[in-house]
Amino acid sequence: MTEAAEPTPADLVAALPALARYLRPATLLHPEAGTPTAHGSSVGGPPLWPAGAPWPHCTAGHLDDAYEDVPLQDREIMETIDRAVRERAREHDGAHVLTEDEYAETRRIMNGADSLDHVNWRTHRTVPEPPAAAIALVPLARIRAADAPHLPWPDGTDLLQVLWCPNDHDDIQDERYYYGPAVELHWQRAAELGSVTPPQPRRSDEYYLPTACVLRPEQIQDLPDRDEIPDELHRAAEEFAERHGIEYHRGLACAEGWKLGGWPSWHSTDLIPIDCGACGTRMRHLLTVESGGDPDLSVGRHGELHVFLCPEDRSHPVGLDLQ
Ligand SMILES: [Zn+2]
Ligand SMILES: [Zn+2]
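The structure contained in this document is the topic of the report that follows.

1. Description of the overall build of the protein
So, point 1. A count of helical and extended segments in the protein gives five helices and 19 strands.
So, point 2. Expressed along its principal axes, the backbone C-alpha trace of the protein runs to roughly 65 × 60 × 45 Å.
So, point 3. Looking at the protein as a whole, 45% of its 323 residues are labelled buried.
So, point 4. Taking all contacts inside the protein whose residues are at least 6 apart in sequence as the whole, residues at least 24 apart take part in 73%.
So, point 5. Taken as a whole, the protein presents about 17,400 Å² of accessible surface, with 49% of it coming from carbon and sulfur.
So, point 6. Each charge class in the protein can be summarised by its mean position, and for the 27 positive and 55 negative side chains these summaries are 1 Å apart.

Below is the structure:
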């Protein structure tokens, strides 16, 4: 007995034509540790850059850790509060509740810090670094047009370089919450570029420095998360998937892994509309960066980073989302 091959998104669309308008081409990158050549597609490979042009730097605000010792008398107050809270918890079903006074004292001692180290008795907070401290970007991915022909390549370009600032930022998306690396796209013409040794970033988070990987690009068709399609359509798609013993999400939609194009997965939040910060147009998913595996990165607490592109103007800043 041979098992029937698993259905593809195209099979689902054939059975459910109303989904056809949602089908989008995508490239799964399948990064594998290796030695990228100067001209193939890569993750963490050597960058190419126009001779004489300056290497890009991140000028966004960067955050630093700040620690402060808790004075001895405050430490004694905190220990007294902790003891009282634990005692009351024993009497009241384990609920840890502060009285109003205890709450006020705790607030005063924390003074806006985000955590307290009870071993070394010091508070921690993140503070903005002094401005004018630019950080060299690092190469994240380099994609040849031949490996992702469905991307919206500007005329005359055949190479996309994705650079990022390997530090956390919290002020690059206006009011939309984001805490992670800053990303820049460069649509270029390979013939105008040469080898370059970029400056090292002045500081970086280790888990944002990719190890060098070669890619094994695979062209696929992708379908959207349930949040992006009408309920009835999602129900019908889910029934189709069930009949074939798979799930719609990841089985037929939101293909997993490093991906160009296609659709993002909204598995840890509900759909967040990503509108261009410059012109307000709804942006399109361009790239998913996945944690773990060979590039050995960790984004969004071992989640995935989605990079979005403005369909009106590629020079508008990218949209970023972590899942
Ligand atoms: Zn930065
Ligand atoms: Zn825009």
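Now that the structure is up, let's keep going.
2. A short note on the pattern of salt bridges
So, point 1. According to the stated counting rule, one finds 14 salt bridges in the structure shown.
So, point 2. One salt bridge connects Arg108 with Asp74, and the closest N-O pair in it is separated by 2.9 Å. Here Arg108, found in helix α3 (residues 100-110), pairs with Asp74, found in helix α2 (residues 72-91); they are 34 residues apart in sequence, far enough to count as distant.
So, point 3. When its relative accessible area of 42% is taken as the criterion, Arg108 is described as partly exposed.
So, point 4. Among the ionic contacts, a cluster of salt bridges with common partners joins Asp74, Glu105 and Arg108.

3. Brief notes about the coordination of the zinc ion (ligand 1)
So, point 1. The protein atoms donating to the zinc ion (ligand 1) are Cys58 (SG), His62 (NE2), Cys165 (SG) and His169 (NE2), with metal-donor distances spanning 2.0 to 2.3 Å.
So, point 2. One can describe the site at the zinc ion (ligand 1) as tetrahedral: its four donor atoms subtend angles covering 103 to 113° at the metal.
So, point 3. Positions of the donor residues of the zinc ion (ligand 1) along the chain correspond to the pattern C-x3-H-x102-C-x3-H. In this pair, His62 is assigned in the loop between β5 (57-58) and β6 (63-69) and His169 in strand β11 (residues 159-169), connecting sequence segments 107 residues apart.

4. Some details on the environment of Val162
So, point 1. On the secondary structure map, Val162 appears in strand β11.
So, point 2. Residue class for Val162 comes out buried when judged on its relative accessible area of 1%.
So, point 3. Distance from Val162 to Leu137, taken between C-alpha atoms, is 9.7 Å for residues 25 residues apart in sequence.
So, point 4. If we skip the residues at most four places from it in the chain, Val162 touches Val138, Pro139, Leu140, Ala141, Val183, Glu184, Leu185 and Leu287.

5. Quick word on the coordination of the zinc ion (ligand 2)
So, point 1. On the protein side, the zinc ion (ligand 2) has Cys276 (SG), Cys279 (SG), Cys310 (SG) and His316 (ND1) as donor atoms, found 2.1 to 2.3 Å from it.
So, point 2. In this structure, the zinc ion (ligand 2) is surrounded by four donor atoms whose angles at the metal cover 102 to 115°, and the resulting shape is tetrahedral.
So, point 3. The sequence motif formed by the donor residues of the zinc ion (ligand 2) is C-x2-C-x30-C-x5-H. In this pair, Cys279 sits in the loop between β16 (259-261) and β17 (284-290) while His316 sits in the loop between β18 (304-309) and β19 (319-322), placing the two residues 37 residues apart along the sequence.

6. What to know about the sheet that holds strand β8 (residues 122-128)
So, point 1. Strand order across the open sheet formed by three strands is β6-β8-β7, with antiparallel pairing between neighbours. Unpaired on one side and paired on the other, β6 and β7 (115-117) mark the two borders of the sheet. Going from strand to strand, the sheet's axes swing by 35° on average, the running direction of each strand aside.
So, point 2. Pairing between β7 and β8: three bridges, direction antiparallel. Within β8, the position partnered with Asp117 by the bridge is Arg122.

The rules behind each value
- Residues numbered from 1 in each chain as written.
- Chains lettered and ligands numbered in written order.
- Predicted model: local features only at pLDDT ≥ 70, side-chain atom pairs only at ≥ 80, totals over all residues.
- Heavy atoms only, no water.
- Helix = DSSP H or I, 4+ residues; strand = E, 2+ residues; numbered from the N terminus.
- Buried < 20%, exposed > 50% of the residue type's maximum accessible area, 1.4 Å probe, protein only.
- Contact = heavy atoms within 4.5 Å.
- Areas by Shrake-Rupley, 256 points an atom, 1.4 Å probe, with all protein chains shown as cover.
- Lys, Arg positive; Asp, Glu negative; His and termini not counted.
- Charge placed at Lys NZ, Arg CZ, Asp CG, Glu CD.
- Salt bridge = Lys/Arg side-chain N within 4 Å of Asp/Glu carboxyl O.
- Donors = N, O, S within 2.8 Å, 3.2 Å for Na, K, Ca; no water.
- Tetrahedral: all angles 85-135°; square planar, octahedral: opposite > 155°, others 65-115°.
- Pairing = 2+ DSSP bridges.
- Axes fitted to C-alpha atoms, helices over the stretch in contact; angles between N-to-C directions.

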